[in-house]
Amino acid sequence: MDDCIFCKIVSGEIPGTIIYEDEYCLAFEDANPQMPVHTLIVPKEHYASLADDVPADLLGHLFSVVPKVAQIKGVADSGYRTIVNTGDDAAQTVKHLHIHVCGGEPMKEGMF
Ligand code: DGP
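These lines cover the structure that appears in this document, whether it is placed above or below. Values in this document were obtained by computation on a predicted structure and should not be read as measured data.

## Quick look at the site of the ligand
Point 1. In the vicinity of the ligand, 15 residues are found, and the nearest of them are Asp-30, Asn-85, Thr-93, His-98 and His-100.
Point 2. Asp-30 has a polar side-chain atom sitting 2.5 Å from an oxygen atom of the ligand.
Point 3. Contact between the ligand and Asn-85: an oxygen atom at 2.8 Å from a side-chain N or O atom of the residue.
Point 4. Against a free-state accessible area of 510 Å², the protein chains account for coverage of 81% of the ligand.
Point 5. Listed by contribution, the elements that provide at least two residues to the shell around the ligand are helix H1 (5–11) and strand E2 (25–29).
Point 6. At three residues, the largest contribution of residues to the shell around the ligand is made by H1.
Point 7. Split by residue class, the shell around the ligand holds eight nonpolar, five polar and two charged.

## Notes on the pairing of strand E5 (residues 99–103)
Point 1. Of all five residues in E5, five are buried; the element is thus mostly enclosed.
Point 2. Covered by surrounding structure in E5 are Ile-99, Val-101 and Gly-103 together with His-100 and Cys-102, the residues of both alternating faces.
Point 3. As judged from the five bridges shared by strand E3 (residues 37–43) and E5, these two strands associate in the antiparallel manner. Looking at the pairing, Leu-40 lines up with His-100 of E5.

## Brief notes about the packing of aromatic side chains
Point 1. Considering all chains together, one arrives at one aromatic pair under this definition.
Point 2. Measuring from ring centre to ring centre gives 5.3 Å for Phe-6 and Phe-28, while their planes differ by 75 degrees; the resulting arrangement is edge-to-face. Of the two residues, Phe-6 is situated in helix H1 and Phe-28 in strand E2; the sequence distance between them amounts to 22 residues. Note on accessibility: Phe-6 and Phe-28 belong to one class, buried.

What counts, and where the lines are drawn
- Counting of residues starts from 1 at the beginning of each chain's written sequence and follows it residue by residue.
- Only residues with pLDDT of 70 or above have their local features reported here, since the model is predicted, and side-chain atom pairs are shown and tallied only from 80 upward, although totals for entire chains, interfaces and linings are computed over all residues.
- Where side-chain values are given, they derive from all heavy atoms of the structure, hydrogens and water being excluded.
- Here, proximity means that at least one heavy atom of the residue falls within 4 Å of the molecule or strand.
- Definition of a polar contact: a pair of N or O atoms within 3.5 Å, with one able to donate and the other able to accept a hydrogen when the atoms are protein atoms, and with sequence-neighbouring residues admitted only if both atoms are side-chain atoms.
- Reported accessibility uses the Shrake-Rupley method at a 1.4 Å probe radius. Residues are deemed covered only where the shown protein chains occlude them.
- Secondary structure follows DSSP: runs of H or I at least 4 residues long count as helices, runs of E at least 2 residues long count as strands, and numbering of each begins at the N terminus.
- Charged residues are taken to be Asp, Glu, Lys and Arg, nonpolar residues to be Ala, Val, Leu, Ile, Met, Phe, Trp, Tyr, Cys and Pro, and polar residues to be all remaining types, Gly included.
- Classification of residues uses two cut-offs on accessible area relative to the type maximum, computed with a 1.4 Å probe and protein chains only: under 20% is buried, over 50% is exposed, and between them is partly exposed.
- For two strands to be treated as a pair, DSSP must find at least two bridges joining them.
- The aromatic pairing rule takes the rings of Phe, Tyr and Trp, using the six-membered ring of Trp, and pairs them if the centres are within 6.5 Å, calling planes under 30 degrees apart stacked, those over 60 edge-to-face and the rest tilted.

That is the geometry; function is a separate question.
Encoded structure:
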């Protein structure tokens, strides 16, 4: 996708702070972190969101990378939250499927 910012990070056209990469996905630091640890995992292939007929094996792979990212970021033991925003009501601002991995301090109990 020519105008997709995460595709540009995947291709190296724009920089990202990459902390993990494999054949299918890339993990890099969120540019606007909401927590001390806030990393995004994205597929290398463009899918707009979870609603974009994402192959199940790719989804499984992306989620299998979550604990690896948590280990790399040092939150595997303290805990972390994974979030996938899908569509407008969820405030998905970047239309390239991504998993947020957030942690590094206690979160309040609440809606989720
Ligand atoms: P979402 O609301 O789920 O679509 O979250 C998109 C996230 O992407 C948001 O937390 C900020 C982050 N983001 C937006 N643009 C860039 C960028 O150019 N680089 C990086 N590293 N993160 C970005």
